[in-house]
Structures are given as structure tokens and as C-alpha cells.
Amino acid sequence: MTAATGPDSTAQQTFYLKDYTPFGFEVDSVDLTFRLAPNATRVISRIHFTPKADAADPQFFLHGEKLKLISASIDGVAVTPDVTPEGLVCTTPDTAFLWEAEVEIDPAGNTALEGLYMSNGMYCTQCEAEGFRKITYYPDRPDVMSTFTVRIEADEEVLLSNGNPVSQGAGTAEWHDPWPKPAYLFALVAGDLVNHPDTFTTKSGRAVELNIWVRPGDEDKCAFGMDALKKSMTWDEQAYGREYDLDIFNIVAVDDFNMGAMENKGLNIFNSSCVLASPETSTDANFERIEAIIAHEYFHNWTGNRITCRDWFQLCLKEGLTVFRDAQFTSDMRSAPVKRISDVIDLRARQFPEDQGPLSHPVRPEEFQEINNFYTATIYEKGAEVIGMLKRLVGDEAYSRALDLYFERHDGQACTIEDWLKVFEDTTGRDLSQFKRWYSQAGTPRLKVDEAYDDGTYTLTFEQDTAPTPGQPQKDPRVIPIAIGLLNDNGDEVLPTTVLEMTEAKQVFEFKDLASKPVPSILREFSAPVVLERETSNAERAFLLAHDSDPFNQWEAGNSLARASRLSMVKTGSAPDPAYLDALQKLLRDDTLDPAFRALMLQPPSQSDIAQALFEDGTVPDPQKIDDAAETFAMTLAQQLADSLPRLYAATTVDGPYSPDATSAGKRALNGRILSLLTRLDGGDAAARQFASADNMTQQYSALASLMKAEKGETQSIAFFEQWQADRLVMDKWFALQVACASPDRAAGIAADLTRHPLFTLKNPNRFRAVMGALAGHHAGFHHASGAGYSLLAENLIALDKLNPQTTARMCTAFQTWKRYDSDRQSLIKAQLQRIATSGGLSRDTNEMVSRILNA
Ligand SMILES: [Zn+2]
């Protein structure tokens, strides 16, 4: 598209999986000394290297970016390396040697939040994927593993790094990490922090000191996170036989952070939104997310840290597996069906559009320009789905044996997807070469189903097809595990859940000796990340909604009814489907069903999802019409339920002291959905009362959201702001709600006003995402015919790119679905993408994203 305009001379260089070559040296040990100062931190490194005997070209190249080299020496003799913007090259001895270097860096001026930077006066680091090269010269690649000793000299009270503490004194601390690790797991924190301490004893009797470190004032928001950490440590011992391996485990909360959290060895660094929790300031959804993220980062200690990735193309090796493990944990801690349904909703909302658009890439990509752009839903969530399919194909017992072998065989290594699949092949004798296509082929397969019944034999014919994706015009058939069950006319199961293994492009499965034509329940538990295409009637969907014993497919039946009804409303202007409204009312009143499940049934299909369905159906989606249909549906449902809403609202209200447990949270989720319907009818009376009396954020927030959506929340919004303006995380909610609850006509204007609010700042990624993420998520507001949403986002992305390329590039995904829309909207979006592309001095991250989206 455009020539390289970035500040880096490497802009637009492409890296390929096939080009992998090992580093020519072993790194025997790393000693680092940090003399911290906001604008002039000195980093002194002493690194022992040994050339590898078999290295073809032992060229000594060390990565380094934005470093001021003060001095360098080899075995005590000063050297003058060739320094470029990407690193340095130096002539080295052909036997073991000591490399020493001193560099100066500027943490306070580091707004990209990669490497060593400052957040609210504290020093912290983020090194994954390639941040360590902004700290000192080093072979910054995941397959170079070494032990680290770190000395910190600073005025701050608390000085932390990886591993175990060696010594602590006034203004100094020394840490040693005995476990070899790649540089991306390095971490350092220095600040005037306070801790929430605890202890844990592992199953073999090792006593571990646990701490959550926070800014003074946040101490009372750590107890839930600590409890989640201890649960995670116990669960990993029981479920995977994995014990913690250091004497101390530290978590630090940081306000300015690009990601959710980072699994640095023994020193996890968290976005404060992903660890701080209290009933007054956090919603039930926040509590659940915090529990899951603490588990995720802790589980990385084995799947990521002890066994890491050979190169960044293998990112899914650690992320897919760890997401899969944290989902298992949440299923065990909470409700497994609710977790599965929520994960599929999320997969369809974030991963399917990625797989169907210009950013589509394999779970293991084969090329990239900027690895930061590949921390995607495909690598994480689809990567986890692939592991779920593997487990389903080999069975639970074989999965456990394969994992045991994985840990035994690869502990301390940097591995590949081939290594991962080999442990399954060796333990089960299966050939997984066809299954491996899930890692190499991009795109979501579509699975077509036809059925026939003749003389007691029921036949299902499946056909799989995957549309071309960028760089992959042809696709081969994949192995698809299809979990199915069969029901008779009474709703009794005549075939319990059975996994069919599809390997051909078209394949027939027969079921014999059936007394009558059964009703199939296909893709139970969402057994594969595919789009199921099946001609079926609303009557059959309603039958499965009433009778399916698989909770996922029961929900799916309701979800497909909702989609069908919404599509016909948008396309023909018809009224909501009465049969679906009836079924929904029955479910809502059925007290035998889990409230969390009923809340999910009441969650409407996302407007973006409806737009995609229309597009695939050959209809150009009109965002305003989609929004109108959603409003009409909600109002019709509210009116039909008018008589029972007050009773339902009262029956689902949770009284007494707040507890974030799954049962209470499910009840409050259902209560919130009912309140939003009730608010459409009662002028906001119930919501206003709830807002005034709420003693927890979940109820206060759902009352405020209901009121604002009904345009009756002005007073409460002001009160909320005044109550919480000193709390950064609650203020993020306030900012996001202003946009999310706005009418489509006003969303962009409100977002624009918020960017001029005194509490808005480009320097805090959470605040930026609160406003711009809410705008991008407001389907009808962002895609408003005026183009105001597109233009506002582009303007802010251009401004943010100068400070923080990583967060900018990630937010560009808001434009990835642009080819769905009408030619006017496409022109408007294209103009904004070109405006970003030609804005000058664009980062490598953003340049790559914009080109990929534009060139679709
Ligand atoms: Zn992770």
C-alpha cells in the first residue's frame, strides 16, 4: 500500500517461520544491575556466552532499540560494536567469553509501555514479546534461555524482580531466578507499594510466600485476587499435577498497561483492572474475569515459562493451551455450561469476524511484520478450541497421559507445535498430520448437514468447506469432531452424545434400528469451531430448546430462533416471531433452570453478529435497521411480560451482604436483564430505587445502565460521577457507559466530548479503550451513516500512535469488517484508513494493521 514511513528502518520487514535458525551461542548466565532514575536509568549487564560448536554462522548480533550505549567490553577489553536502530553486531572470541555493557534508558519518556517504563511514579516492565531489547542489548528471542541475577538500586521502598530474594538493604535489592527463562519473562518493579500477604504450602510441602502489591489505598481490594491465586495453585496440582517452584510469588497491580496481565516468572504484572476487586467498585463480571486472569497467568508458570515457545510463530503453544486450562478451571469453579456458552458467544463475537475478514491468519501464523499484532482471538481462543478438539478426539485419559509426557519430555525447553502434537502421537499411536491443518489453515470451516430417514436407518451427510483467506486460496479438509445426540418425538434421547470423526470433504454417517425419524442435536458442547449450516424449522428449534439434554445445544436452539426472528424483522420489517417470544417467556418463568442460563437466553444476539449473518445471506446490512429491530424486540417482549415483570424482578433480587459467588452472580445477571425490560415500562422507577439503595457495583451499574439506555439517567449519571471520580477503574465504567448507552445518532458526538473531558488521557490504555472501545462496540453508533464514528476513531488512533503503537494497532480491528457494508460506508471507512496510513511517522504496528485491512 504505502512505502515505509515509520521511524524504524525495519518498518515493513516481514519475518517468516521457514527462516528459523537457532542462535549461535549459549547464554550461560545473566547479571543485571539497574540504577533507576526517571529519565536516565543505567542498566549494566554481565552476560556469559559460549559459542555453539555446531553453529553455522556464529554472528554475534544482540537486539537493542532506543538504547544509549555507554560502554561495552569482552573479557574486560573495551570493544566498539556496530550499532544500528535494531541492535549491535560485534566480533567475538571462538571460546566462552564475558560480555559487559552499560546503557542508558528513559523510563519516564516511555509512553509505548514496552520495556521499562513509569506508571503513576512507579517503575515497571512489560517485555513480551520484544520489550527486553528496549532495556539492554540481548538476544531477545524466546529460544534463548538463561538464569538471571538482578540487582536494583533505587530510592523506592519496594524493589522486585523474578525468582527468589537474595538480599534486601536500604535502596538496594538483589534477586536470583534459578529457572532458565527467555528475556520476555523478565520483570522489574520499583515503587512505594503496600502488600496483601498470604502463604501457600504446595502438595510436596514447599512453603511459598504470596504477595499482591498495590498503591497505598488499594489494600482492601486484594483479598479476592489472593483467594483466586490460592485456588489456582491447588487446582493445577490436582488437575495437572503441577506444583509451584519458587519460594515466593508476587503479583503487582499497574494502572498503565497495554495487556490484561503478564506471567513473568515469579513476578506477575497485572493491569489493575484485572486484579483489584471490591463489592463496591467491581461488578460480578469483573470478579469472574479477575479469577480467570489470575488463574491464566499462574498456569503459565508451567505452560509458557517452564516450557516456552521456540519462536513467536508458536505463540499459540503457550496461549491456546493456557486459555484452555483457565477455561477448565472456571468450569470447575463455576457452571461448566454457562462458561461454555459464554466462551462461544465471545468466540463468535471476536474470532469469527477475524477469521472471515482481512486479518484472518492461521492459529500458527507463518509470517508477520510486528508480532504485537498477533496477540489475537485466533491465537488465544481458537488456539484453545483446537486443544479442546484434540482432547475430544483422544479422550480424557489419553489427554492426561499426553500432558504428563509433555511436561516430562520438554521441561526447560523452547518448543514447537510439532513437539506438542508428537506427545499425543506417541501416547495414542494416532497420526495427527491431518489434524495439524487446524494450526496451518486459516478461516472458519462451514459444515453443511443433510439428513434422510428410511426404514429404521437415519443418515446424516456432512460437507465441509472453508472460504479462501489472505494468502490461502485453497483449503484441504480438516478433522472435525462432531458431537451429536438423537432424540425421539417425546424428547427422550435415543442416542446419547457420540463423537463422529469427520475427515473427508463430504462424509456420511448412518444410525440403524431407529423406530422413527429422530431429531438430531448436532455439535453438542460446540465440539468444533465451525459454522453449522442446516435447513431446519423453527418448530424443531423450539423442540430442542425444550428438550435437548445438552445445555449448550439447548441454548443454541434458542439463539438460532432469536437470530432467525431478528433477520426476518430486519429484512421484511415483520413483527417479532410469536413462537420465539412464547418460548422465551416460558424459560424466563421456569425456576428449575439456572438463573445464569436464563440470563444468557435473554441476551440478544449481538448486532454485529446479525450484520454478519445478513452479509452472508447476500443482504447489505443496515446498522440503523438492525438497531431498530433490537429495540422493537425488547419493547415487544417487555410489553408481553408486563404483568409478570415486577414479580420476576422481585423474585430475582438478591438481598443481604454481597457475595461474588457464581449462584448469586447468576441471579443478579438475570435480575439485571429483567430490570432493563421493566425500565422500558415503568418510567425508570424500579431502576432509580435500585440505584439509590445499591450497596454493590453490580446493582448500581445495572440500574444506571438501564436508566441511561432509556434516556432517564441524567441525574444518576452525575451522582455516579461525583461518587466515584477519584476511582480510576470505576471511572472507566462511567466513560464507557456514556457511549454504550447513547442513541446511534449521538454516540460519536458523546465520545468526541468525552475525549475533551479533564479525566480523559491518551496515556492510559484503559481510559482510551473505555471511550474508543465502547464506540467501536456500539454497532449502529460507530457505523452511523454520517461517518462521524469512523472519523473520530481515526483521529484518535493517529494521535495515540505517536505515544502507544501497540494499543493503537489493536484498536484498528474496529475497521476489519468494513467490506460487509454498503458502498457509501465503505468509501467513508476507506478514506479514514487512508488518512491513518498517510498521517506520517506511523509505527510499524499500526502500519501493518492498516495495510492488511485496506488491502483486503
Ligand atoms: Zn497468556
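Data block above holds the structure.
The present account deals with the structure reproduced in this document. Please read all numbers here as calculations on a predicted model, not as lab measurements. (Residues numbered from 1 in each chain as written. Predicted model: local features only at pLDDT ≥ 70, side-chain atom pairs only at ≥ 80, totals over all residues. Heavy atoms only, no water.)

This model, assessed by the stated rule, comprises 0 disulfides. Sulfur of C274: no disulfide; nearest cysteine sulfur belongs to C222 and is 14 Å away. (Disulfide = S-S within 2.5 Å.)

It is worth spelling out the nonpolar core at this point. If you look at the biggest cluster of nonpolar residues, it comprises 268 residues, and the most contacted ones within it are W99, W420 and F435. Looking at this core element by element, the count peaks at 9 residues for helix α5 (residues 377–394). Among residues more than four places away in sequence, those in contact with F435 are V386, M389, L390, L393, L421 and V479. (Core = buried A, V, L, I, M, F, W, Y, C linked by side-chain atoms within 4.5 Å. Buried < 20%, exposed > 50% of the residue type's maximum accessible area, 1.4 Å probe, protein only. Helix = DSSP H or I, 4+ residues; strand = E, 2+ residues; numbered from the N terminus. Contact = heavy atoms within 4.5 Å.)

Following the criterion strictly, the structure yields 4 cavities of 30 Å³ or more and no others. Roughly 60 Å³ of internal volume is contained in the largest cavity. Looking at the largest cavity, the residues that line it are S119, N120, M122, R215, D218, A253, V254, D255, S272, L276 and R728. Of the residues that constitute the lining of the largest cavity, the class distribution is 4 nonpolar, 3 polar and 4 charged. Estimated volume of the second largest cavity: approximately 50 Å³. (1 Å grid on protein atoms, 1.4 Å probe; cavity = no way out; pocket = protein on both sides within 12 Å on 5 of 7 lines; lining within 4 Å. Points joined across faces, edges and corners; volume = space filled by probe spheres on them. Nonpolar A, V, L, I, M, F, W, Y, C, P; charged D, E, K, R; others polar.)

All right, on to the pairing of strand β2 (residues 25–35) then. Sheet analysis places β2 next to strand β3 (residues 41–51), joined by 10 bridges and oriented antiparallel. Looking across to β3, one finds that T33 is bridged to I44. The turn linking β2 back onto β3 is made up of 5 residues. Both β2 and strand β12 (residues 146–153) contribute to a ladder of 6 bridges, which runs parallel. Counted as the bridge partner of F34 is I152 from β12. (Pairing = 2+ DSSP bridges.)

The final tally for this structure, using the stated rule, is 46 aromatic pairs. Both rings, one in F15 and one in F368, keep their centres 5.8 Å apart while their planes meet at 40 degrees; by these two values the pair is tilted. Pair noted here: F15 is in strand β1 (residues 15–16) and F368 is in strand β23 (residues 367–368), with a separation of 353 residues, a long-range link. Of the residues examined, F368 reaches a relative accessible area of 7% and is grouped as buried. Judged by centre distance (4.7 Å) and plane angle (35 degrees), the ring pair of F313 and F368 falls under tilted. With F313 in the loop between β22 (308–309) and α3 (315–333) and F368 in strand β23, this residue pair connects regions lying 55 residues apart in the sequence. The buried category is assigned to F313, whose relative accessible area is 7%. The ring of Y16 is capped by K18, whose NZ or CZ atom sits 4.5 Å from the centre of that ring. One residue, K391, lies across the ring of Y399, its end atom 5.7 Å from the ring centre. (Phe/Tyr/Trp six-rings, centres within 6.5 Å; stacked < 30°, edge-to-face > 60°. Lys NZ or Arg CZ within 6 Å of the ring centre and 35° of its normal.)

Time to look at the coordination of the zinc ion. Summarising the metal site, the zinc ion is bound by the protein donors H296 (NE2), H300 (NE2), E319 (OE) and E319 (OE), whose distances to it range over 2.0 to 2.7 Å. Angles of 52 to 154 degrees at the metal separate the 4 donor atoms of the zinc ion, which places the site in the irregular class. Written as a sequence motif, the donor residues of the zinc ion are H-x3-H-x18-E. Of this pair, H296 sits in helix α2 (residues 284–299) while E319 is found in helix α3, placing the two residues 23 residues apart along the sequence. E319 carries the same exposure label as H296, and that label is buried. (Donors = N, O, S within 2.8 Å, 3.2 Å for Na, K, Ca; no water. Tetrahedral: all angles 85-135°; square planar, octahedral: opposite > 155°, others 65-115°.)

A word on the sheet that holds strand β29 (residues 506–511). In spatial order, the strands read β29-β26-β25-β31; together these 4 strands make up an open sheet with mixed pairing. What marks the edges here is a single partner per strand, and that holds for β29 and β31 (531–534). Going from strand to strand, the sheet's axes swing by 25 degrees on average, the running direction of each strand aside. Here strand β25 (residues 446–454) pairs with strand β26 (residues 457–465) via 9 bridges, running antiparallel. By the bridge assignment, D454 is partnered in β26 with T457. (Axes fitted to C-alpha atoms, helices over the stretch in contact; angles between N-to-C directions.)

This part takes up the pattern of salt bridges. In this structure the tally under the stated criterion is 63 salt bridges. Two residues, K339 and D343, come together in a salt bridge whose shortest N-O distance is 3.0 Å. You can see K339 and its partner D343 sitting in helix α4 (residues 336–355), 4 residues apart, about one turn around the helix. Under the relative-accessibility criterion, K339 is labelled buried at 13%. Of the residues examined, D343 reaches a relative accessible area of 22% and is grouped as partly exposed. Across the pair E525 and R392 runs a salt bridge whose closest N-O atoms are separated by 3.8 Å. (Salt bridge = Lys/Arg side-chain N within 4 Å of Asp/Glu carboxyl O.)

On to the environment of E425. By the secondary structure assignment, E425 is in helix α7 (residues 417–428). Among the residues examined, E425 registers a relative accessible area of 23% and is labelled partly exposed. Along the primary structure E425 and A377 are separated by 48 residues, whereas in three dimensions their C-alpha atoms are 27 Å apart. Those residues in contact with E425 that sit more than four places away from it in its chain are R430, D431, L432 and S433. One polar contact links the side chain of E425 to the main-chain amide nitrogen of L432, over a distance of 2.7 Å. (Polar contact = N/O pair within 3.5 Å; in protein donor to acceptor, adjacent residues only side chain to side chain.)

A few words now on unusual backbone geometry. Residue A129 is reached from E128 by a cis peptide bond, and omega for that bond is 0 degrees. Unusually for a residue other than glycine, D75 sits at a positive phi of about 50 degrees. Its place among the elements puts D75 in the loop between β5 (68–74) and β6 (77–78). The backbone of N120 sits at a positive phi, close to 45 degrees, despite the residue not being glycine. With respect to the helices and strands, the residue N120 is situated in the loop between β10 (115–119) and β11 (122–126). On the accessibility criterion, N120 (45% relative accessible area) is partly exposed.

Looking now at the pairing of strand β30 (residues 519–522). Alternating residues of β30 divide into V519 and S521 and P520 and I522, and every residue in both groups is buried. Two strands pair when backbone bridges link them, and strand β27 (residues 480–487) and β30 are joined in this way by 4 bridges, in the antiparallel orientation. The partner of I484 across the bridge, within β30, is I522.

The next thing to look at is a negative patch on the surface. Residues E219, D220, E280 and D695 make up a contiguous surface patch of negative charge. Its place among the elements puts D695 in the loop between α17 (685–693) and α18 (697–709). (Patch = residues over 30% accessible without salt bridge, like charges linked within 9 Å, V, L, I, M, F, W, Y side chains within 5 Å. Areas by Shrake-Rupley, 256 points an atom, 1.4 Å probe, with all protein chains shown as cover. Lys, Arg positive; Asp, Glu negative; His and termini not counted. Charge placed at Lys NZ, Arg CZ, Asp CG, Glu CD.)

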